[in-house]
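In case you want the letters, here they are:
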Amino acid sequence: PWVIAVPEISERELGPKDKVIILGSDGVWDRMGSQEAVDIAARHRDPATAAREITNIARQRWHSTTQGKMSDDITAVVMHLDHASPPPTRASSRSAGAAATSAAVT
């Protein structure tokens, strides 16, 4: 078990073809590929439902793979992008378009 304080970061300019952003802890990415997470997010209009499904699948896979003997943090944030709308104000951005869910594997 290693804890690394330096996150993996990639940067790129978003364009009109980009529809979703998914942030996930290593507990998600250790058990799910990025395309699978994108496919799950694309099936849901509600980002909270998409984040919940991503974390639930990762949690089930952790339990299955380790017979419930290992745990990891499993957190996902899903944001749907709407390029047709003007950028939200700070107050309106708190309630629109993004949701997070987290599950501890025990």
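This text goes with the structure placed above it.
This one's a predicted model, so the numbers in the text were calculated from it and none came from an experiment.

(A) Looking closely at helix α2 (residues 34-43). The set of residues buried in α2 consists of Ala37, Ile40 and Ala41. One side of α2 holds all its buried residues, which, seen down the axis, span an arc of 95°. Structural note: α2 exposes Ala42 and Arg43 on the side pointing more than 90 degrees away from its buried face. Packed against the buried residues of α2 are β1 (20-24), α1 (26-29), α3 (47-66) and β2 (73-80).

(B) Representation of the nonpolar core in the model. If you look at the biggest cluster of nonpolar residues, it comprises 15 residues, and the most contacted ones within it are Ile22, Met32, Ile54 and Val78. When residues of this core are assigned to their parent elements, the largest contribution, 6 residues, is made by α3. In this structure, Ile54 is in contact with Ile22, Val28, Met32, Ala37, Ile40, Ala76 and Val78, ignoring residues within four places of it in sequence.

(C) Structural detail: unusual backbone geometry. At Gln67, a position not held by glycine, the phi torsion is positive, near 55°. Assignment of secondary structure puts Gln67 in the loop between α3 and β2.

Cut-offs applied
Residues numbered from 1 in each chain as written. Predicted model: local features only at pLDDT ≥ 70, side-chain atom pairs only at ≥ 80, totals over all residues. Heavy atoms only, no water. Buried < 20%, exposed > 50% of the residue type's maximum accessible area, 1.4 Å probe, protein only. Helix = DSSP H or I, 4+ residues; strand = E, 2+ residues; numbered from the N terminus. Arc of directions from axis to C-beta. Contact = heavy atoms within 4.5 Å. Core = buried A, V, L, I, M, F, W, Y, C linked by side-chain atoms within 4.5 Å.

Just geometry here; none of it tells us what the structure is for.
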